[in-house]
Amino acid sequence: MLRDAERRTREAGALTCARVMRTALALGTLVVAALLRASGGGAQPTPSEYLGYLVGADRELADWSEITGYLVKLASASDRVLLDTLGSTTLGRPLLLLTISEPENLASLGTIRQIQEELADPRTIRGTDHREALLRSGKTIVLITCAIHSSEVGSSQVPLRIAHRLATSDEREVQEILANTVVLLIPSLNPDGVDLVTAWYRESVGNPWEGAAPPFLYHHYVGHDNNRDWYAFTQIETRLVVEKVHNEWHPQIVHDIHQLGQHGTRFFVPPWIDPIEPNVDPLLVSAANAVGTEVAWSLLREGKKGVVVNAVYDAWTPARAYTHYHGGVRILSETASAKLATPLEISAEELQPERGFDPRKRSWNFPVPWEGGTWRLADILDYMESGAFAVLSHAARNREMWLSNFVAVGERAVAGWPEWPAAWVIPPTGGPVVAGGKGSGFGQGPWFQLGVSELIRVLLEGDVEVSRAPEAFTLDGRRLPAGSYVVVMRQPYGAFAQALLAPQRYPELRAYEDGPLLPPYDAAAHTLPLLFGVEAVAVEDMGAVPTRLEQVLAPPAPPGPLRELAGLDDTDGLLGLYQPWDPSIDEGWTRWLFDRFGVPYVTLRNDRLRGGELDGLAAVLLASIPPEVLTDGLEEGAAPPELTGGLGDNGGTALRRFVEDGGTLVALDRSVDWVIEQLRLPVRNLLADLEDVEYAAPGSLVRLETDRDVPMAARMPSVAAALLQGGAAFEMAQDSRVRVVARYAEEDILLSGWLQGGEHLAGRPAVIEIPLGKGRVVLFGVRPQYRGQSLSTLPLLFDSLKRRGAG
């Protein structure tokens, strides 16, 4: 416990911090060193002196005001540290960036950044002498990102130790780091979550649920998926970091500090397992292998056990690795978790094998197993700090090698890869919306226009150069209108464009011959034209593209207010969105879309649904939630008693009565099996009982054919791409009144990603509408609002919620 005087001192410091942050936010993104020094200056305190307890102590966590208060104090007292405010988070907290280097480098940041700009675009380099001068003068730029996943609490606490050591230490290792690198430290990519999780943990201490996972999403909207947003840029935190850090500084190394589960390795670092996305430059793959294995070696030399490389994590998707397509490497580190800040006892027998290694056995990539014992927050921070300084030391010692690798990747990109087309063309008006040229287009419709706007926005925010053809031209016998967008691939970030615009073909990796597919760590497909419902045409010969192109600096404006585009108004009644206490990321994404499109809704919790308190609602939506979560919710002892349990049979009975009385129930993906059972619907999911060797769709894009005569499909094209992650395919009786809204295609089902067992989908219903009493149930076997990206199917979701009755 803190003494009262210490507590008052700390609170005063936090108030000073808040005033400084408000001033910084009012002035915009700027270096606030002068403001910080005005806030106090003086000696450089240790984190423990400031907080009143040892950072990493059992059952102690600093919240965001305490973290920022300390960093403000440190920056005000150190000539090695500058503090920037990048902007405000989703819930209004300051998102911070520390820039740390020797004072001479900080005084020359403009020059260092200019060198980075020139190295990032080899077209600006004027010959060999200029290139060599840049390599001699530049610094390795290392971005360290922390605490994007706020339940990984060590990642929010370790920046205090990293920053203090860099700001105060006279160690030779630190001096070399300061001289040869510029360290960009983001102490949390999700400050809102730091406060949410810290408050939850403090309240949990001493209760049976001490150290349990919080019963809410730790990002206000997207929870764990805030680290799946590095190519679509939907969340404000992602956009701030991409715009003001990545695109300004072009770091050669991004060290992303995370935690993993409790019963596997103690520490992971690359090399990645296969597959690696084919547009990641081989130089970057090799560079990640080199630095990762050196980091593992460094930790082993310190006597740290349980370190693994080349296990669990692949590098297939840009969703977690923006820097892989921008000349740098992402060095993910994952340290084993405790129970938040509560120690955990783990026996060797409790350790569990994972993909690529067994934590109970020595192997080439796991040479020194951890035997079990007590694992606590202090251990987590020790591993994290050691990993961070191993990365920084490598970057400092190999400064010129990193810079030359960086420019070589750019040179290869501007020369063009042989695997890439010469260019991509994105027509501003409708054409085929799926690969292979099949299907009708959105034409001039507003959803197509929104898709084009979003695609150009993403490319520009990703630093991709986009042009427009001022005149109409003919491509492969097709007349394309003036204003067509052109992405010429010989440019520094052509890899990012190719990764997003071309369909994916996930490689066939199996655990054994004829065994199940080894799925990607995340999703198999990330093709934005398909997700956005627009067309991107690969051009193999630049001679087919007009020679006169105009640079595009901003995306086209969206087609009017998004609420009008959603098409829901007061006549459709109020929507209820179910939010379980066992948090659902899909619910969070749905809520984000509703807020973005101005769709009015209320949040429904267990008590209201179980009690049938649904008067005044026109529709209820169940996002993709596992059936066991819907039924049972959080188990007893995992949270306060009022938050445990699920909907149970009472919830199912209440929802059936709601529909019979005239309401609409919409269920997405994993929720459909629960709804079919609880409401006793005359349909079944043909995929429900299939084994992995029979069927697999690990986040892939498939061809969907819609019946536009059905009112809820009237705004859809006849063919569209839909995201399938497991999913459902329906069967119903011949005399059933069930209406098929959309089917999987009979052939050429897969558009991007991987699909095994497509015959189980071919021609089967994917979206159905079932009359029940005076109301109706709509079941989606696909994800119509996948991560806020699937504009191609979003009209289906919005129109399923319109008031229609049983039909």
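All values derive from a computational prediction rather than experimental measurement.

**Examining the packing of helix H13 (residues 377-397) against helix H14 (residues 399-415)**
Part 1: One can describe the packing of H13 onto H14 by two numbers: an axis separation of 4 Å at closest approach and a directional angle of 80 degrees. The pairing of H13 with H14 is recorded here as roughly perpendicular in orientation. Contacts between H13 and H14 pair His-394, Ala-395, Ala-396 and Arg-397 from the former with Arg-399, Met-401 and Trp-402 from the latter.
Part 2: Partitioning the contact of H13 with H14 into residue classes produces 4 nonpolar, 1 polar and 2 charged.

**Observations regarding the sheet that holds strand E4 (residues 181-186)**
Part 1: Here 8 strands make up an open sheet; going across it, the order is E1-E2-E4-E3-E5-E10-E6-E8 and the pairing mixed. For this open sheet the edge positions go to strand E1 (81-88) and strand E8 (307-309), each flanked by a neighbour on one side alone. Strand-to-strand twist across the sheet, computed as the mean angle between neighbouring axes with direction ignored, equals 20 degrees.
Part 2: Strand contacts of helix H8 (residues 154-168): E1, strand E2 (94-100), strand E3 (140-146), E4 and strand E5 (253-260), with the helix running at about 135 degrees to E5, the strand carrying the most contacts.
Part 3: Together, E2, E3 and E4 form the strand contacts of helix H9 (residues 172-180), whose direction differs from that of E4 by roughly 95 degrees.

**Topic: the sheet that holds strand E14 (residues 467-468)**
Part 1: Spatially, 5 strands are ordered E18-E13-E17-E14-E19 in an open sheet, and the strand pairing comes out antiparallel. Strand pairing shows two members of the sheet lacking a second neighbour, strand E18 (537-539) and strand E19 (550-551), which therefore form its edges.
Part 2: Inspection of the sheet shows strand E13 (residues 423-426) paired to strand E17 (residues 485-488) by 4 bridges, in the antiparallel sense. Bridged to Ile-426 within E17 is Tyr-485.

**Describing the nonpolar core**
Part 1: In terms of nonpolar packing, the biggest core is built from 219 residues, with Phe-597 and Val-767 touching the most fellow members.
Part 2: In terms of residues, this core owes the most to one element, H13, which gives 12 residues.
Part 3: In this structure, Tyr-578, Leu-614, Leu-622 and Val-683 belong to the second largest nonpolar core, which totals 32 residues.

**Details of the packing of aromatic side chains**
Part 1: The final tally for this structure, using the stated rule, is 21 aromatic pairs.
Part 2: Aromatic pair Phe-268 and Tyr-313: ring centres 4.8 Å apart, planes at 50 degrees, arrangement tilted. Taken together, the residues span a long stretch of sequence, with Phe-268 in strand E6 (residues 267-269) and Tyr-313 in the loop between E8 and strand E9 (314-315) at a distance of 45 residues.
Part 3: Aromatic side chains Trp-316 and Tyr-506 sit 5.2 Å apart centroid to centroid with 85 degrees between the ring planes, which places their arrangement in the edge-to-face category. Placement of Trp-316 in the loop between E9 and strand E10 (329-336) and of Tyr-506 in the loop between helix H16 (494-501) and helix H17 (528-532) is noted, with a sequence separation of 190 residues between them.
Part 4: An aromatic cluster is defined as three or more aromatic residues linked by ring pairs; in this entry it consists of Trp-447, Phe-594, Phe-597, Tyr-601 and Phe-798.
Part 5: Geometry around Phe-389 places Arg-165 over its ring, the cationic atom sitting 3.9 Å from the centre.

**Considerations on the environment of Ala-667**
Part 1: The topology assignment puts Ala-667 in strand E23 (residues 664-668).
Part 2: Leave out the neighbours within four places in its chain, and Ala-667 touches Leu-622, Val-672, Val-675, Val-778, Leu-779 and Phe-780.

**A look at a negative patch on the surface**
Part 1: A cluster of acidic residues, Asp-689, Glu-691, Asp-692 and Glu-694, forms a negative patch at the surface.
Part 2: If you trace the backbone, Glu-694 turns up in the loop between strand E24 (683-685) and strand E25 (698-706).

**A closer look at the pairing of strand E22 (residues 617-622)**
The two faces of a sheet get side chains in turn, since along a regular strand they alternate between them.
Part 1: Across the 6 residues that make up E22, a large majority, 6, are buried.
Part 2: Pairing of strand E20 (residues 574-578) with E22, which is carried by 4 bridges, proceeds in the parallel orientation. Its bridge partner being in E22, Gly-576 is matched across the sheet by Val-620.
Part 3: Taken together, the 4 bridges between E22 and E23 define a ladder with parallel strand orientation. Each residue of the ladder has a partner; that of Val-620, found in E23, is Leu-665.

**Some details on the pattern of salt bridges**
Part 1: Applying the stated criterion across every chain, the model contains 48 salt bridges.
Part 2: Glu-454 is paired through a salt bridge with Arg-457; the nearest N and O atoms lie 3.2 Å apart. Of the two residues, Glu-454 and Arg-457 are both situated in helix H15 (residues 446-461); the distance of 3 residues between them amounts to about one turn of the helix. Comparing Glu-454 with Arg-457 shows no difference in burial state: the two are buried.
Part 3: One salt bridge connects Asp-570 with Arg-563, and the closest N-O pair in it is separated by 3.9 Å.
Part 4: Shared partners join several salt bridges into a network, and the residues in it are Arg-161, Arg-165, Glu-171, Glu-173, Asp-382 and Glu-385.

**What to know about H8**
Part 1: Between its first and last C-alpha atoms H8 spans 22 Å; for 15 residues at 1.5 Å apiece the expected length is 21 Å, and the two agree.
Part 2: Within H8, 14 of the 15 residues are buried, leaving the element largely enclosed by the surrounding structure.

The rules behind these values
Residues numbered from 1 in each chain as written. Predicted model: local features only at pLDDT ≥ 70, side-chain atom pairs only at ≥ 80, totals over all residues. Heavy atoms only, no water. Axes fitted to C-alpha atoms, helices over the stretch in contact; angles between N-to-C directions. Helix = DSSP H or I, 4+ residues; strand = E, 2+ residues; numbered from the N terminus. Parallel < 35°, antiparallel > 145°, perpendicular 65-115°, else oblique. Contact = heavy atoms within 4.5 Å. Nonpolar A, V, L, I, M, F, W, Y, C, P; charged D, E, K, R; others polar. Pairing = 2+ DSSP bridges. Core = buried A, V, L, I, M, F, W, Y, C linked by side-chain atoms within 4.5 Å. Buried < 20%, exposed > 50% of the residue type's maximum accessible area, 1.4 Å probe, protein only. Phe/Tyr/Trp six-rings, centres within 6.5 Å; stacked < 30°, edge-to-face > 60°. Lys NZ or Arg CZ within 6 Å of the ring centre and 35° of its normal. Patch = residues over 30% accessible without salt bridge, like charges linked within 9 Å, V, L, I, M, F, W, Y side chains within 5 Å. Areas by Shrake-Rupley, 256 points an atom, 1.4 Å probe, with all protein chains shown as cover. Salt bridge = Lys/Arg side-chain N within 4 Å of Asp/Glu carboxyl O. Lys, Arg positive; Asp, Glu negative; His and termini not counted. Charge placed at Lys NZ, Arg CZ, Asp CG, Glu CD. Expected span 1.5 Å × (residues − 1).

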